[in-house]
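Working through the structure, step by step
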Amino acid sequence: MEKNIPAENICCEVEKTSEKNYTPMSPEIVQTSSFYFDNYEDFMSASEDEKNHYVYTRGTNPTTESLEKKIAQLEQGEKCKVFSSGMGAISATLFSLLSQGDHILMVNTVYGEAVSLANDLARFGITADRVDVATTDEVAHHIKPETKIIYFESPSSQKFELLDLEKIVKLSKSKGIYTVIDGTWAGSVFQKPLSHGIDLVVLSLSKYIGGHSDIVGGAVVGTNQLVDLIFEKGHQSLGAVNSPFNSWLAIRGIRTLPVRMNHLSNAIKTVLDAFSLDPRIAKIYHPYCGNSEQKKLAEKYLTGYGSLFAIDLVDEDFDKLKIFVNALEIVSIGVSWGGFESLVLPAYKGNNLENLKNRGLPVSHIRVYLGLEEPTSIIEDFSQALDTAYGKIN
Ligand SMILES: *Cc1c(COP(=O)(O)O)cnc(C)c1O
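Residues numbered from 1 in each chain as written. Predicted model: local features only at pLDDT ≥ 70, side-chain atom pairs only at ≥ 80, totals over all residues. Heavy atoms only, no water.

**So, the layout of surface pockets**
Roughly 1,000 Å³ of internal volume is contained in the largest pocket. Residue composition of the lining of the largest pocket, by class: 18 nonpolar, 18 polar and eight charged. Viewed by domain, the lining of the largest pocket spans two of them, domain 1 (40-255) and domain 2 (257-390), each represented by three or more residues. Size it by volume and the second largest pocket reaches roughly 780 Å³. For the second largest pocket, the lining is made up of 23 residues, of which Thr17, Val30, Thr32, Phe35 and Pro62 are closest to its centre. The element that contributes the greatest number of residues to the lining of the second largest pocket is helix α3 (residues 62-74), accounting for three residues. By residue class, the composition of the lining of the second largest pocket is eleven nonpolar, eight polar and four charged. (1 Å grid on protein atoms, 1.4 Å probe; cavity = no way out; pocket = protein on both sides within 12 Å on 5 of 7 lines; lining within 4 Å. Points joined across faces, edges and corners; volume = space filled by probe spheres on them. Nonpolar A, V, L, I, M, F, W, Y, C, P; charged D, E, K, R; others polar. Domains from an automatic or database assignment. Helix = DSSP H or I, 4+ residues; strand = E, 2+ residues; numbered from the N terminus.)

This is the structure we're talking about:
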């Protein structure tokens, strides 16, 4: 035993990784803000190229990096950068790619906060349009000479309509427009947008990838060149950095991701088959229930189904809607999705009727997330709640 080491020095000493002689099954959480350098030369070369060296966790961190490698592989991209939220990834991407005078075109119903952000960019001389198209060909009519990004989801939020990715790529490539897709719905398992030529996939890790309703996180995936640009301009400076612990939780989520997704892809068909026979559900929004055009797109681009969808109940009657939602016993009311728990999120919040009309949604529109409970018990729960609100079907 060495003696006479001051207590303060013992307390702050950290064992070097190279001195450890074990290999944990679960990855290590490198919960540190900063990293040591062995010598001055190492410090200089690391400082010059922070994205490829561990300097400070606002830039890179080993736990976060191992998550980034997994997501890049899942999305078939060269590189991934992880953020502390989906919106962190989306805002960093837009901030990095757009300049004064540029235009961003958002197609169909896009995640609301992303639309708000694009509209807010007007303060910096960037214009935005959000347009609804019935077919992908119509996107061409909305492209302007200054369009720099086409941003979309497929299927879209709220209405869950698919677009033809390859057609959008074709429209964009000749004009030097970046294509950005929010790929959250397919869980990075059922759709590979980069393999169809899309430039960047943005993701919320708060949903399927986290998978347990316990983290908020985001990611962007694409070529080394684009992701490095977003690292320099949008990650380092905007600072939406994921904590190593949340990266570790996301890695934990990914371990069961394909199993959960495959289960949900089957379960959603069981649930939607039952719902489509219920006369009290007027409309279902999900690619599995789409028209022949939507089915063709699903065939081409999806290898399975996400379990987020929407329904319109038959009467546009707020009182019945309220009784129905309150009568659900297994399914809860809540925002977000992608965890264990099935959830409903009514579109009407008491003060947004005008907004719903503008989006072409009835007051009885409800977003539904099918979780990991036994699917027939979810069908039964909906059925008994519909009985309570609308009376039994005979
Ligand atoms: C949740 C969500 C986002 C935003 O992600 P956060 O992690 O909540 O910031 C973006 N797009 C889609 C499709 C989402 O569901």
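**Structural notes on the side chain of His235**
As for its placement among the helices and strands, His235 is situated in helix α7 (residues 224-235). Accessibility expressed as a relative area gives 1% for His235, which makes it buried. Polar contacts involving the side chain of His235 include one to the main-chain carbonyl oxygen of Val82, which spans 3.3 Å. (Buried < 20%, exposed > 50% of the residue type's maximum accessible area, 1.4 Å probe, protein only. Polar contact = N/O pair within 3.5 Å; in protein donor to acceptor, adjacent residues only side chain to side chain.)

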